[in-house]
Amino acid sequence: MDQGKGTVKRRIYATDLDNTLIYSHKFIAQHQIPLTEVSCVEQYNGKDINYVHNEVVKGLGNFNASDCLFMPVTTRRTEQYLRINLGFTPEYAIVSNGGVILRNNQPVAEWTATVNNAIDRDAMYGIADMCRCTFLSITHDVTICDSCFIFFKLENPDEFIAFIPTLQQLFPTWTFVNYSQKCYAFPKICSKGGALKWLAEHLNCRIAIATGDSALDTSMLDTAGLAVVPSHSSLCSSRYTYVDGGMLSPLNTMKLLFSNKEEK
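If you're wondering where the values come from, they're calculated on a predicted model, not measured in any experiment.

S.K.: Would you mind showing me how to read the sheet that holds strand E10 (residues 149–154) here?
M.R.: Spatially, the four strands line up as an open sheet ordered E9-E10-E12-E11, and their pairing is antiparallel. If you trace the sheet from one side to the other, it starts and ends with strand E9 (138–145) and strand E11 (174–179), each paired once. Adjacent strand axes in the sheet meet at a mean angle of 15 degrees when their direction is disregarded. Pairing geometry for E9 and E10, over five bridges, is antiparallel. Within the sheet, the bridge partner assigned to Cys145 lies in E10 and is Phe149. Of the strands in this sheet, E9, E10, E11 and strand E12 (182–187) touch helix H5 (residues 121–134), which is tilted by about 175 degrees from E9.

So this is what it looks like as structure tokens:
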């Protein structure tokens, strides 16, 4: 991959976005965080919907003068990721749960071709049709996102949870994930960890720290020299380093990164 040559940075700080780096109005209200302490980083339909703590915004500015490559890694599809404004454009981002790699907000063609060649389109359409016909409480239509994974919402997610063993048996090369009312189907090629590892190898970089808060982040966490999880997460493993701070947890993660330059 020619992209990135000449601008290679030695270490990668890979971070999930929602509930790891950016936080919603609901989180701010629950934790009684004054709006004067946060900056809006995402608007939707004219409303402010997601925020970053002002101290974290300052911390992100340190990356321009460091040897580190700041890299958002998210399950958000491309158009949702592009709504986020951190005050700068990260050189690289991984979106659609690893299905798309962006460089300066444009897809990296080599990875896109790799993903397209790996996806069984008949299986994808079969899964989508089966979900539309099976579940009764759909509140967000079954959608193929960025041509690489399936997403929908159910009022009663237990419908999906009970059906996962059947889907897994019928489509063994796919992964089915439930997160609250959100339901996903991913081909094996679409994982945060797989895309991150591929990109790091092509950039000749080391994944120094990865941080995330949900089961969708575990493949990414497993690639890093140091796997960091905010303490408000439900993830539990002795392999992870936990940081306190709520909205300030990214700042504490950055402190770990800049203080520990010899991660494994």
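S.K.: Before we go on, may I ask you to explain the sheet that holds strand E4 (residues 47–53) in this structure?
M.R.: Where strands meet in a sheet, backbone hydrogen bonds hold them as pairs that are either parallel or antiparallel. Pairing is antiparallel in the open sheet, where three strands are placed in the order E2-E4-E3. Every other strand in the sheet has two partners, leaving strand E2 (23–24) and strand E3 (38–44) as the edge strands with one partner each. Relative to E4, E2 is paired through two bridges, and the arrangement is antiparallel. Bridge pairing in E4 places Ser24 opposite Asn50.

S.K.: What is the right way to read the pairing of E10 from this model?
M.R.: Successive residues of a regular strand alternate their side chains across the two faces of the sheet. Across the six residues of E10, five count as buried, placing the element largely inside the fold. Count of turn residues in the E9/E10 antiparallel hairpin: three residues, of which Asp146 carries a positive phi of about 50 degrees. Judged from the four bridges that link them, E10 and E12 form a sheet pairing that is antiparallel. Bridging from a neighbouring strand, Phe152 pairs with Cys183 of E12.

S.K.: Would you take a moment to explain H5 for this structure?
M.R.: Structural remark: α-helix, 3.6 residues per turn; residues separated by three or four positions point the same way. With 14 residues, H5 extends 20 Å between its outermost C-alpha atoms, agreeing within 8% with the 20 Å of an ideal straight helix rising 1.5 Å per residue. Within the sequence span of H5, burial applies to Ala123, Met124, Ile127, Ala128 and Cys131. The arc that holds every buried residue of H5, seen down its axis, measures 135 degrees, which confines them to one face. Projecting away from the buried face of H5 at angles above 90 degrees are the exposed residues Asp122 and Cys133.

S.K.: Which parts of the structure should I look at to understand the packing of aromatic side chains?
M.R.: Describing an aromatic ring pair means giving the distance of the ring centres and the angle of the ring planes. In the structure shown here, the tally under the stated rule is 12 aromatic pairs. Taken together, a centroid distance of 4.5 Å and an interplanar angle of 45 degrees make the contact between Tyr23 and Phe27 tilted. You'll find Tyr23 and Phe27 in the same group, each marked buried. Where Tyr184 meets Phe186, the ring centres are 5.3 Å apart and the plane angle is 15 degrees; that geometry is what we call stacked. You'll find Tyr184 and Phe186 in the same group, each marked buried.

S.K.: Would you mind going over the pattern of salt bridges with me for this structure?
M.R.: Pairs may arise between side chains of opposite charge once their charged atoms sit close together. With the rule as written, the count across this model stands at 13 salt bridges. The residue Glu42 makes a salt bridge to Arg83 at a minimum N-O spacing of 2.8 Å. Linking Glu42 in strand E3 with Arg83 in the loop between helix H3 (78–81) and strand E6 (92–95), this pair joins segments that are 41 residues apart in sequence. Here Arg132 ties to Asp141 by a salt bridge, and the two come within 3.9 Å at their closest N and O atoms. Judged by its relative accessible area of 37%, Arg132 is partly exposed.

Calculation criteria
- Residues numbered from 1 in each chain as written.
- Predicted model: local features only at pLDDT ≥ 70, side-chain atom pairs only at ≥ 80, totals over all residues.
- Heavy atoms only, no water.
- Pairing = 2+ DSSP bridges.
- Helix = DSSP H or I, 4+ residues; strand = E, 2+ residues; numbered from the N terminus.
- Axes fitted to C-alpha atoms, helices over the stretch in contact; angles between N-to-C directions.
- Contact = heavy atoms within 4.5 Å.
- Buried < 20%, exposed > 50% of the residue type's maximum accessible area, 1.4 Å probe, protein only.
- Expected span 1.5 Å × (residues − 1).
- Arc of directions from axis to C-beta.
- Phe/Tyr/Trp six-rings, centres within 6.5 Å; stacked < 30°, edge-to-face > 60°.
- Salt bridge = Lys/Arg side-chain N within 4 Å of Asp/Glu carboxyl O.

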